[in-house]
Every structure is written in C-alpha cells, then in structure tokens.
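Structural overview for review
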Amino acid sequence: MIKAEQKPFEEILEYLAPYNKILLSGCGACVTVCHAGGEKDGALLASALRMARQNIGKPLEILESTPARQCEPEFALELSDTIGLVQAVLSVSCGVGVQTLTRHFPTTQIYPGVNTTFLGETVEHGVWEERCQACGNCILEKTAGVCPIARCAKQLLNGPCGGSSNGKCEIKRETDCAWQLIYDRSKSLGQLHRLTEIIPAKQWGVQSRDSGPRRIAREDLKV
Amino acid sequence: MGRADEKQPEIQGEPMSPFEPKIVAFCCEQSGVPAAEMAKTLKLKMPNHLELVPVPCSGRIETLYLLKALEGGADGVVVFACHEENCRYLQGNVRLKSRVGYAKQIMGKIGLEQERLEIFHLATNSGVKFAEFLIQKADQLEQLGPNPGKIA
Amino acid sequence: MYQTIYESKSITLNPVVLKSEALIIGGGIVGMTVARELAREGVQVVIVEKGETLGGGARDLHFFYDRPADVQKWMGDLISTLEDGGNIHVLKGAKLKRLDGQLGRFQALIRTSDGREKTLSPSVVVVATGCITRPVEAMSDGNRCIGSAEMEKLLAESRDMPLAWKGQPVKTVTFILDLTNDDIKIHTVNAIKQAVILQEKGCRIAVVARDLKVSVSGMELLYRQAREKGVLFFKYDDPPVLSHTDDGISVEVQDMTALRKEEREVVSLLSDLVVIGETFAADPETQELCRVLKLRTGAGGALMEDNPQFLRVMSNRRGIFLAGACRFPQVITESLSEAHAVVQEVRALLHEGAYTPENPIAEVDTRKCAVCYTCVRLCPHAAIGVERCGERNVYAAPAEKDENTLWQAARIEPAACFGCGICVAECPARAITLYH
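This write-up is about the structure you can find in this document. The shown structure was predicted, so the numbers you read here are calculated from the model rather than taken from an experiment. (Residues numbered from 1 in each chain as written. Chains lettered and ligands numbered in written order. Predicted model: local features only at pLDDT ≥ 70, side-chain atom pairs only at ≥ 80, totals over all residues.)

Here we look at the overall build of chain A
Heads up, the condition is: Secondary structure elements are defined from DSSP: runs of H or I of at least 4 residues count as helices, runs of E of at least 2 residues count as strands, and each element is numbered from the N terminus. Only the C-alpha atoms count toward the radius of gyration. The rule for a globule is 2.2 Å times the residue count to the power 0.38. Any residue with 12 or fewer other C-beta atoms within 10 Å of its own C-beta is exposed, any with 20 or more is buried, and the rest are partly exposed; the C-beta atoms used are placed from the backbone.
Secondary structure assignment for chain A yields 8 helices and 7 strands. Here the C-alpha radius of gyration of chain A, 22 Å, is well above what a compact globule of 223 residues would show, namely 17 Å. Referenced to the eigenvectors of the C-alpha coordinate spread, the extents of chain A come out at roughly 65 × 45 × 25 Å. Here chain A holds 223 residues, and the buried ones make up 35% of them.

What to know about the overall build of chain C
Assigned secondary structure in chain C consists of 9 helices and 26 strands. Relative to its full complement of 436 residues, chain C shows a buried share of 43%.

Re the environment of His244(C)
Examined against the element boundaries, His244(C) turns out to sit in strand β16 (residues 241-245). Distance from His244(C) to Asn143(C), taken between C-alpha atoms, is 8.5 Å for residues 101 residues apart in sequence.

Topic: the interface of chain C and chain B
Selection rule: Any pair of residues counts as being in contact when their C-beta atoms, constructed from backbone geometry, are within 7 Å of one another. Each residue gets one of three labels, nonpolar for Ala, Val, Leu, Ile, Met, Phe, Trp, Tyr, Cys and Pro, charged for Asp, Glu, Lys and Arg, and polar for the others, Gly among them.
Opposite the 21 residues of chain C that make contact, chain B presents 21 residues. Per-element tally for the side of chain C that touches chain B: the top contributor is helix α9 (residues 422-426) of chain C, with 4 residues. Of the residues belonging to the side of chain C that touches chain B, the class tally is 13 nonpolar, 5 polar and 3 charged.

A word on the sheet that holds strand β19 (residues 273-276) of chain C
Adjacent strands of a sheet pair through backbone hydrogen bonds, lying either parallel or antiparallel. All names here are of chain C. Rules: Here, strands pair whenever DSSP counts at least two bridges between them. Think of each axis as a best-fit line through the C-alpha atoms, taken over the contacting stretch in the case of a helix, with angles from 0 to 180 degrees between the N-to-C directions.
The parallel open sheet is built from 5 strands, whose spatial order is β10-β19-β13-β14-β15. Every other strand in the sheet has two partners, leaving β10 (145-147) and β15 (232-235) as the edge strands with one partner each. Ignoring strand direction, the axes of neighbouring strands in this sheet form an average angle of 25°. In this sheet, β19 lies alongside strand β13 (residues 172-176) in parallel orientation, the contact comprising 4 bridges. Note on β19: the bridge partner recorded for Thr 174 is Val 274. Against the sheet, helix α4 (residues 186-200) touches β13, β14 (204-209) and β19, its axis set at about 165° to β14.

Some remarks on the interface of chain A and chain C
Taken together, the contacts link 14 residues of chain A with 11 residues of chain C. Breaking the side of chain A that touches chain C down by element, the ones donating at least two residues are α2 (30-33), α3 (39-55) and α4 (73-78) of chain A. Of the residues assigned to the side of chain A that touches chain C, the class counts are 4 nonpolar, 5 polar and 5 charged.

What to know about helix α1 (residues 29-40) of chain C
Residue and element names in this part refer to chain C. Using the following cut-off: For a helix, the expected span equals 1.5 Å multiplied by the residue count minus one.
Its 12 residues place the ends of α1 16 Å apart at the C-alpha level, agreeing with the 16 Å of an ideal helix rising 1.5 Å per residue. Extensive coverage of α1 is indicated by the burial of 9 of its 12 residues. Along α1, the residues classified as buried are Ile 29, Val 30, Gly 31, Met 32, Thr 33, Val 34, Ala 35, Leu 38 and Ala 39. Buried residues belonging to α1 abut β2 (21-25), β3 (44-49), α2 (71-82), β4 (88-92), β8 (124-127) and α7 (332-350). Gly 42 lies just past α1 and shows a positive phi near 90°.

Side note on the pairing of strand β7 (residues 127-132) of chain A
Residues and elements named next belong to chain A. For strand β6 (residues 114-124) and β7, the ladder comprises 5 bridges, and the chain directions are antiparallel. Paired with Glu 124 across the strands is Val 127, a residue of β7. If you look at the hairpin formed by β6 and β7, you'll find 2 residues sitting between the two strands, and Gly 126 has a positive phi there, around 90°.

As structure tokens, then:
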C-alpha cells in the first residue's frame, strides 16, 4: 500500500499561517493503515494545530472530515459543502488524494499534510519498508520475488555490486543486500540457474516513469 | 510568553486571585479509581480544580484525549495507571506509555511544557500517594502558569 | 471529547452456547486429573497426548515427599480410571495443529497418530504440557555426578537393598542445589526427600544449597525429619567446586551457615555420588503451542505471568486454562492443586450451558474499518479476528452506504472481549466503540 508520514509540524504551521479557518481532510485507506492520516491521526494533528495557534494568539478553526478514500471523484465531491465554508484545505491523504482534490476544487488552496514516501509492506506492527517503485514492467518473476529496483540502492539488474558484504548493503549498512536476498531465495526455490539469464536495462523513458505521468486506459470499461 | 514570571499587579489591600490550575486526571479503574476513593474517604487534601475521568484500563486512553484535555481547558493532565507488569489486561499501561511519549513530542512542537503531562504508576491502596502527587503537580503547574494552548 | 470513553447506548449481547466438552492438551498427571474430575461431572473430555504413553514428567517420579505411597502405582490407578472409557477419550501420538474461533466456537484441528486430521469443537481448552529438563552440566566425564531423576530411579530399583551405582556400593551422597533455576524449588523438595530415604538405608548424606526454601506444604516437617536423621546441611554464596579423587568425588564449599565470618570455613565433602538437579527449560514445543493458541508467554518463554492481577490458572484468553509445570515447574502437590483449580474454573464456566458477555464490550464499525490489522495484533486477549461480515465483499459509493452493505472487516467476539478498550484507542480509523 502507499505509505506516508506526517510532515514536520513546523512546515504545516507555515502553510497555514495566512488562514483562520480550514478543513483537515483525512483518508480512510492507505494513510489510515500506516497511521499517518486517518481519522485518529487527523484529529490529533488538528488538536495540536489549534493549540499551537492559540499559543501564538492567532486562533485557527479546523473542520475535520475523513472520507473513505480521497482518490475517487465521488469522494472528493463529498467534501464540496464543507470546502465552501473554509479558506483552505489541509489534506493528510497521499499525494494522489491531494491532487484529486485540486482537480475538483480548482479555486481552493489544498495543502499536503503528509509526505507520501513509498509503496511498502508491513514488516512488523508500526514498521513499514519500501517494496515497489511502480516501474511499470515488473520483473519479480526473474528475481525470485525480490525487487532490485525498489530494494537495491543502485537498482542493479544482474547481480550485486562489489560492496555487498555479509548480506548487507554498502550504502546503508542496516539494509539487506537485495541481490543476496534474490540469491538466497532462488537457491531455496531450486532456481539458481535463472540468475544466469541476463535482465536487460530498463527503458525508463519509454516503458517507465521518465516521460511524464503514465496513463492506463481500458477502452472496454469506458462508459 | 513568560506568564510564569510576570509580576502580579497589586491593588492596595487587594491582591489578585492566584492562578489555580485545572487538572484532568485519567484514572484506571484497576488502580487509579480505588486510590481516588481511598483518598476521598481519608479526606486527604487534593487540588481544587480536579476532574477525574475513569477508564477501564489506562490502555483505553487515546493519545487524542491527552491533547483534547489540554485543548479543552486543562492546565495539566495526569494519568494514574497500574505499575508496569501489573496491568490486568497485560498491555494497557505499556501502550499508554508510548502514547504519552508521543503526546509529549507533539507538545514540544506546540510550545507546551512537557511537565503538563505525566503518568503516575500506582496500586489500589495508594490513596495517600494519589493525593500527594496531585498536590505536587498542582504546585508545579502554578509555577508554570496557565496552559497557553487551551481554547475553552 | 473524552465523554465518549463509553458509548451509552447498549448493544445486544447474545449468550454463547457452551457445550460440556473440553479439550486437554497433555496427558500427564495434571491433564489426567482434570480429565477425571470433569468426566465425573458429565463433561466430554478429549486428551491429546503427543507421546505413546500417558504420565508425562511424573514417569520419573517414584516417591511422594509427603506420603508413603508409590507414585507409579498411584499413576497406574489414575490411568486405568481414564481408560475405562465413558466421557474420556484419549488420543495418543496426537498433536494440536490449529485452534480457530473463540469461546463457544473453538475449532481445534488435531493430527492423530495415523496421520489423519480430526476436528473437535470444545468449549474450553486446558494446556497441561509440562516442562523439559536439561541434564546436569557438571564434570566433563559425568563420573559420579548424576541427576535427580537418576537418583530417584536408583532408589526405586534398590528396594530394601543397600544402594549401588555401576556395581559399586554407595555410602555417601552429596546433593547440590540452586546451581540453576533458583526460583524453582522442586530439586530442594526432591533432594530432602531422597536424603531421608538414603539416611534410612544407612548412608551419610549432605545437602549443599544457596537457599533452603522449604515453603511447600509439608516440607518444614520433612526438613526437620532430615535434620533429626542426621542429614548435614550447608549453605553457600559462591558455587561449590567439584573435583574427582581416586575413590570419590569431592565438593568444596564455604559454609555460610555459621554466624561469624571467621567460622565460615571451607568444607570439603568427599562422597561416592553427587546429585545435581537438572535444569528446567522452556519447552520449544510448548512455545509453538502458545503461538497456535495465541497465548501470551512471560519472561523467559514461561507461561506464567508475574502479574498479581492474573489468577493462577487463567491465560490471557477466556476459555483457555493452564496448569502444572508448563505454567511453572512446581512440585507434584502444587501441580495437582492447579489441576483442581482448573476444574473449578471450567465448572464455573460450563455449568449454565452458556456464557453471556458482560459489558464493557468493544465493537467494530465495519463501515469505517480499513482492515489494517492493528486491533488484531494489539488485543491482549486475542479476541479480534478479520472475518467476512457480510456475504459479499462489495464496496458501495458513499451515498448508498447502509446497514446491509458490509465488507470484510475486523470483528471482536463479544464472548472473548474483556472490555479493556486498548483496541478502541489504537484504531487509526476510530472505528471501534466501547459499549457500557
């Protein structure tokens, strides 16, 4: 799922400095699951913001609303009435949610309250780690289910670099070397021979993200 | 703001009424509530503006409540919880401890003194300690002055 | 604000039917005693024993410390009452693989000795899997240094004849206690018991201990008896030093029983045999069982919670009980007390044929649940699971949301909920309410 982290408090205060009435809109999906921006964490942020502004003598009125998701048009439009009552919106949804709101409310300032960090897995409760970078052409079949794009610091496609040491990455010592993981897993699957197959370099521009926002269109589904 | 060290203006013969802090005390029903009742039975001295909020376990106290109490007018928030390893529900007081830590971080960012929030571990028979701690906290809060973040 | 700690409207709490069926894991003396007592009251009992025989750890025991009876004979009688059929069904060579559901609808999957799987639906589960011991780590060649179980066996086999070990007569024995597990006093009890028997056979016995704790019922008397018969007792601070001699094994210890420091001499005890109690360890199979049953273990992997709020035989889950050495290694009379305590608790739970959940109870609002598993992970009582709440896994646009449109969400079993409210506070969607 998308993982995010609340932005530094000081930064949010700066965004909201010009206003005295805002909407804090949460999201009931990904940011709820990673405890960054659902109803609970949104309410906590709202309370903190109110007190911080009270402390400097500039009260801030905050309306709170948490649609189930912010990335569908219907959800964004759910907020229409409330948005009409405020000067700006602080959205603690991921970047997608913020931009869905921006598209549907072109004359309202929408601010991000979280930093959308990565697509990740729950390692243990309260700990999430990056697993996917949405490269658009999944090679997990070739790499025994471990992604070297997301998990190798150098995004190498055909084996570890010389810095891989005791199964750890030379860039960040605590990180497991992705290619060590690929090797170990291939071995336990009896598929070491697959590692001799060359994986060609990714076409970042043509097949991936380096040529603007990608789009999927299902002609059969379109109304 | 420096309210704590601002001199109280004195009108001849009539000093300004001193600031009496409002304390919200969350009391775990396994320890805090019996201790509070014992303190009441023993007619021990307790701060004037005290609001007791009983909870089935200190683990029920959401981080949000800690902040909302301050937002809603408390000058200080206290949580009475069972000693570690004595929680009837095993994890409650441990979870609460993490939440108090998190709330204190947020209070730091808001500009509130972290002493305004504190956990006190106790047992059912700690009536005396209950009252003593509240008196101490009230004194401490008098020195700190009113909560600058409160909105009520 | 926080006035919503409890929701004031009530929810209907339907009683959960509890059939008179119990599952006991472990066929040792505790499991068997619980089975016998429950069966007498008409409860259908199934014992799941991983080994081929019943008896558990007590198979190494021959002498009671507080009565002249023979343990093996007593156990034989106990086993035969079980095998009389009726309400007790024993599955040997069997293991519990999974336990799904909650109080009132437990589903236990058992792998039987022939490799097949059997599903049971008990109302209560009793864990009585005992503990394991590791042999003494004393001298490198293990010569003349034996464990408590071996001494017990020697004594039983020697009957009225003088004691012999590996063909050689044994006239002097030194027991060393408290080298490991100083919170467990089983070896103290066994050592003094064995010492009295040995003295009666004409041997000279010494007992060396850090702490002579005789706080088990009947032990003060036994200790006194041992002293009167001439057993010598020494106390140490620094562990004793063992060494071999040509004709025996020597134990050197600084005797701390003298009141004055100058009188605390180093005593050297030369004997034919040294007995050192085995070390008790957490059984990895019990650990695995705890994972299957979602039971919480305390420090060091033991099932016992060092928590005064916790009644002795209760686990963190309603309907699952623990007793005996798996909870904490203890002497036979204490284990049997726990067995009887479990019987009482089970009776109390089953006698009305149903369990009615009591407020406070928490409930998940399925419309807000993001299925993030936070509550499932954090419930100390394993009372929450993620199950399909509605028949279809559909999502409805917000304007059409109503009572009938549910999707997969976390569900708190009212019969298993303890009302602590931890889940309520942890839920990131604030989807859980505590009803009063």
